[in-house]
Amino acid sequence: EESSCRRFLEKVCVPWAREGKMKRPSTGVAVLVGLLAVVGLVSVYHQSGTAVAVVKDEVSAPSMPVSMLESDAEEGQAWQDTEMLEEDHGDIDLDLNPSSEDMLEDDGEEQDDQHEEMLYQIGDQEFLAPSQGGVEDMALEVERALAKEQKLLKKIDKRATKHQRVEIDVVAGQIGKRGGPGPRGYVGPRGFDGPRGYRGPRGYMGPRGIQGIKGIKGVKGDDGKTGPTGKTGPVGMRGPQGPPGRRGREGGRGTEGPVGPNGAPGKPGKMGLMGPPGPPAGKGKTGARGPRGPRGPPGIDGVDGHRGPQGPRGKNGMDGDTGPRGYNGYRGDRGKSQCGLASTLGKRVCCGEVGGSAFRKVAWNTFMIDVDTSKCNFRGQPKYFTSIFGTSSHWSMWTQDDIVSKDPNRKTMDPRKFRVYLQASHHVHMSHVRSWKYSLRWCGVGDSAAPPLTKYAMCCGSQKKGFKRYHGPYMYMDVDMGGCGWPQEKKGQTRGHRGAPPEPPPTIFAELSDSTCRDKVFTSQTSRCAASVRGAQAIYSAANRKFRVYLRPLPGKQGLDIHRSHANHWRVNWCAFKRAHPTPKPGFPCNAPRLLAGATSSNTQRTVTNDGSICCGTTGDNWKDGGAGFLKQNVDMSQCGFKYPPTTILTGLRGKTHTARRAGGASSYTTTGNFNKIVVYAWTGAIGNFPPYKAHRDAWRVEWCAVGRK
């Protein structure tokens, strides 16, 4: 095995010692013991003419690689197979032991003066540092030990080539000084768990530990069996009364009772007022010549002159005494008044009222009203306008300005009758109609062959100031009509002019207008458009000199705001009709409307003219999409020839029953840069999907009458 030892010594130990690649030095004794441990305890002896190398003791060196041990084993096997000489050339004794002075007295005793030793590394082996000297001294010591080993190996090689028997006894020296503890190695992997031992005796109970964290609540266990029923406790106190329930539906109409007996005939009415005096008569015939006067005294006879011209007629004599009054003659025919409001449709205005008893309920929130206008004797296509009067909640309706025919398939208006549907946003009962004194007021403008039986005075105005907030997103306005000149009602008054019954308040029609909506209604800006508001046609507290309107948005539209109403130039435009007393003076109130501006409450109302003009028309051939559920119609009033912007424009919708009766907003309009043109919006949100072509199909028309100056 001397070749393996030689290679290891020459290739590992010596070069490393010369190059100084020792990380931490060890003692010279430790280096020498480590090198000799590679060789082992080998005994070479001669047996049956063959030299055999026997490993007498195995000493593992930490630095010996596995590959080197395998190569040594192969060389040892080859040596056994070689024939050797049987002669005995003697023994070679090698003393590789250190001196006895370096030995310790006892292997097991611990030395108290142990100190932490520094380690040096040569190759992959660690050695203790020498007690004296430094690294260079250790390198020299290693070289000497290697030189001695090389010399010994040469002797062994020389004997072996001569096939001489060589026996090497390596005697282990005494145990050297125990080195200090090496560095702690890495923690090895955890071993397999051994078998569980027998359970030991139970120990004494220790002190109670600190209470741990509350555990997770376990699953609820099964319910136990129901126990026996207990005794009934005393009856508790009665709770407060709950809110009243919803009112039930209206019951069916009862059977009509028998007709009662006729009442006693009424007293004859008083004689009507005398009509105005007729036109002045023409020049009458010359009366009879009066009696001759008394003769005068005789004059002096003169010379007869030429006959002069005839002198002027003398004065009439004094009237004689009045004779006794004769019997009254028969009453003559009624005189004809020259008064009457004229329009482009004709000289005819006819108004009326339908009480709440004529309302017919057709749905939970809808009433139908049939209006008979045969008394007006209209011919052609008159224009009708409506308003709803009452004391409460009628501002929630939005279809009172939709005029439809009683015949659902008729496209033109019957001049003798029309129909109106009142649709509200809440449930309305017939008892509400009676208790809130609902009535439908209407007026028609047109022409007829017969002269009008009743003369009406017409007064119109416009007011933009006075909007006030009402319960959050709502508003109201008190509209002033003091400029019309109608007398103020006295509180508790029961008799009218010349003892007649008090006259009813005027019939009022109101419209809401703006100047900012223009071409389209945007969903996010509906509050600027007057068409998105309802309530202007619901008249409250009607009197000769004022009335009130409440305004609220259509369903689904934005709330109202006073500042926005002023910014969008909202106005309440109105016209009032009241029975006129005949007067020979032309203009208001005989045959022309009075036009006002402003309000007397703010000292700004003034009379624009007493000779206004009424111009009416129909438009409906150009419906377009107006956005946000509206259809729009452009109205051109150039045919009227107004020189100034109209004071009031009354608008309404006419069409087939099944769609027009559910539209809203057509009684409002928006002005444009040209005062002869306006835009009317009709809300179709209650109908559903309603494109413009359906409006043409159902003959939708905008009826309008403008009042202005020419």
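Scroll up for the structure.
Residues numbered from 1 in each chain as written. Predicted model: local features only at pLDDT ≥ 70, side-chain atom pairs only at ≥ 80, totals over all residues. Heavy atoms only, no water.

Asks: Is there a simple way to explain the overall build of the protein chain in this structure?
Replies: A count of helices and strands for the protein chain gives eight helices and 28 strands. Each of the 710 residues in the protein chain was classed as buried or not, and the buried ones make up 38%. Nonlocal contacts in the protein chain, meaning residues at least 24 apart in sequence, comprise 79% of its contacts between residues at least 6 apart. About 46900 Å² of surface is accessible on the protein chain, with carbon and sulfur atoms providing 51% of the total. (Helix = DSSP H or I, 4+ residues; strand = E, 2+ residues; numbered from the N terminus. Buried < 20%, exposed > 50% of the residue type's maximum accessible area, 1.4 Å probe, protein only. Contact = heavy atoms within 4.5 Å. Areas by Shrake-Rupley, 256 points an atom, 1.4 Å probe, with all protein chains shown as cover.)

Asks: Help me out: how do you make sense of the nonpolar core in this one?
Replies: The tendency in soluble globular proteins is for nonpolar side chains to be buried as a group. In this structure, Phe-467, Leu-512, Phe-547, Leu-551 and Trp-574 are the most contacted members of the largest nonpolar core, which totals 29 residues. Of all the secondary-structure elements, those providing two or more residues to this core are strand E12 (456-463), strand E14 (474-480), strand E15 (507-514), strand E18 (546-553) and strand E19 (571-579). When sequence neighbours within four positions are dropped, the list of residues in contact with Phe-547 reads Met-477, Asp-478, Val-479, Met-481, Ile-508, Ala-510, Ile-539, Tyr-540, Ser-541, Ala-542 and Trp-574. Core analysis: the next-biggest nonpolar cluster, separate from the first, contains 28 residues, Ile-388, Phe-418, Ala-424 and Val-428 among them. (Core = buried A, V, L, I, M, F, W, Y, C linked by side-chain atoms within 4.5 Å.)

Asks: What is the right way to look at the environment of Ala-599 in this model?
Replies: As for its placement among the helices and strands, Ala-599 is situated in the loop between strand E20 (594-597) and strand E21 (606-609). Relative accessible area serves as the criterion here: at 4%, Ala-599 is assigned to the buried category. As a C-alpha pair, Ala-599 and Gly-461 span 138 residues in sequence and 8.9 Å in three-dimensional space. When residues no more than four places from it in sequence are discounted, the contact partners of Ala-599 are Gln-463, Asp-480, Thr-604 and Gln-605.

Asks: Would you take a moment to explain the sheet that holds E12 for this structure?
Replies: Strand pairs in the sheet, formed through backbone hydrogen bonds, run parallel or antiparallel to each other. Across the sheet, which stays open at both edges, the nine strands sit in the order E21-E20-E12-E19-E15-E26-E27-E24-E23 with mixed pairing between neighbours. The sheet is open, and its two borders are formed by E21 and strand E23 (624-627), each paired with just one other strand. Averaged over all adjacent pairs, the angle separating strand axes in this sheet is 30°, with direction ignored. Pairing geometry for strand E26 (residues 668-671) and strand E27 (residues 677-683), over three bridges, is antiparallel. (Pairing = 2+ DSSP bridges. Axes fitted to C-alpha atoms, helices over the stretch in contact; angles between N-to-C directions.)

Asks: It is not clear to me how the environment of Glu-489 should be interpreted in this structure. Could you clarify?
Replies: Along the chain, Glu-489 falls in the loop between E14 and E15. Here Glu-489 falls in the partly exposed class, since its relative accessible area comes to 32%. With 54 residues separating them in the primary sequence, Glu-489 and Ala-543 have C-alpha atoms 7.6 Å apart. Beyond its immediate stretch of four places on either side in the chain, Glu-489 contacts Ala-543 and Asn-544.

Asks: Is there a simple way to think about unusual backbone geometry in this case?
Replies: It is generally the case that most residues other than glycine have a negative phi and that most peptide bonds are trans. The omega torsion of the bond from Phe-588 to Pro-589 falls at 0°, within 30 degrees of zero and hence cis. With respect to the secondary-structure elements, Pro-589 resides in the loop between E19 and E20. Look at Lys-437: it is not a glycine, yet its phi comes out positive at around 55°. Tracing the backbone shows Lys-437 in the loop between helix H5 (430-435) and strand E11 (439-447). Positive phi is not limited to glycine here, since His-471 has a value of about 50°. Relative to the elements of secondary structure, His-471 occurs in the loop between strand E13 (468-470) and E14.

Asks: Hey, could you run me through the state of the cysteines in this one?
Replies: Here a disulfide denotes a covalent bond joining the sulfur atom of one cysteine to the sulfur atom of another. Here the structure, examined in full by the defined rule, presents seven disulfides. Covalent S-S linkage joins Cys-459 and Cys-484, the inter-sulfur distance amounting to 2.1 Å. Residues Cys-459 and Cys-484 are joined by a disulfide whose S-S torsion is about -90°; by sign, that bridge is left-handed. Linking Cys-459 in strand E12 with Cys-484 in the loop between E14 and E15, this pair joins segments that are 25 residues apart in sequence. (Disulfide = S-S within 2.5 Å.)

Asks: Would you explain the sheet that holds E14 in this entry?
Replies: Ordered in space as E13-E14-E18-E16, the four strands form an open sheet in which the pairing is antiparallel. Of all the strands in the sheet, the pair left with one neighbour each is E13 and strand E16 (533-534). Where E14 lies against E18, six bridges are found, and the strand directions are antiparallel. In the strand pairing of E18, Asp-480 is matched with Lys-546.

Asks: Got a minute to help me understand the pattern of salt bridges in this structure?
Replies: This model, assessed by the stated rule, comprises 12 salt bridges. By sharing partners, the salt bridges in this structure join Lys-383, Arg-654 and Glu-703 into a single network. (Salt bridge = Lys/Arg side-chain N within 4 Å of Asp/Glu carboxyl O.)

Asks: Help me understand the packing of aromatic side chains, please; the structure alone is not making it clear to me.
Replies: By convention here, two paired aromatic rings are described through the distance between centres and the angle between planes. A complete count under the given rule lists 18 aromatic pairs for this structure. Here Tyr-384 and Trp-442 contribute two aromatic rings whose centre-to-centre distance is 6.3 Å and whose plane-to-plane angle is 70°, an arrangement assigned as edge-to-face. Pair noted here: Tyr-384 is in strand E8 (residues 379-389) and Trp-442 is in strand E11, with a separation of 58 residues, a long-range link. An identical accessibility class is assigned to Tyr-384 and Trp-442; each is buried. Here the aromatic rings of Tyr-470 and Tyr-476 are separated by 6.2 Å at their centres, their planes lie at 85°, and the arrangement is edge-to-face. Taking relative accessible area as the criterion, Tyr-476 reaches 16% and is therefore assigned buried. Taken together through their ring pairs, the aromatic side chains of Trp-395, Tyr-470, Tyr-474, Tyr-476, Tyr-540 and Tyr-550 make up a single cluster. Across from the ring centre of Trp-395, 4.7 Å away, lies the NZ or CZ of Arg-552, which sits over that ring. (Phe/Tyr/Trp six-rings, centres within 6.5 Å; stacked < 30°, edge-to-face > 60°. Lys NZ or Arg CZ within 6 Å of the ring centre and 35° of its normal.)

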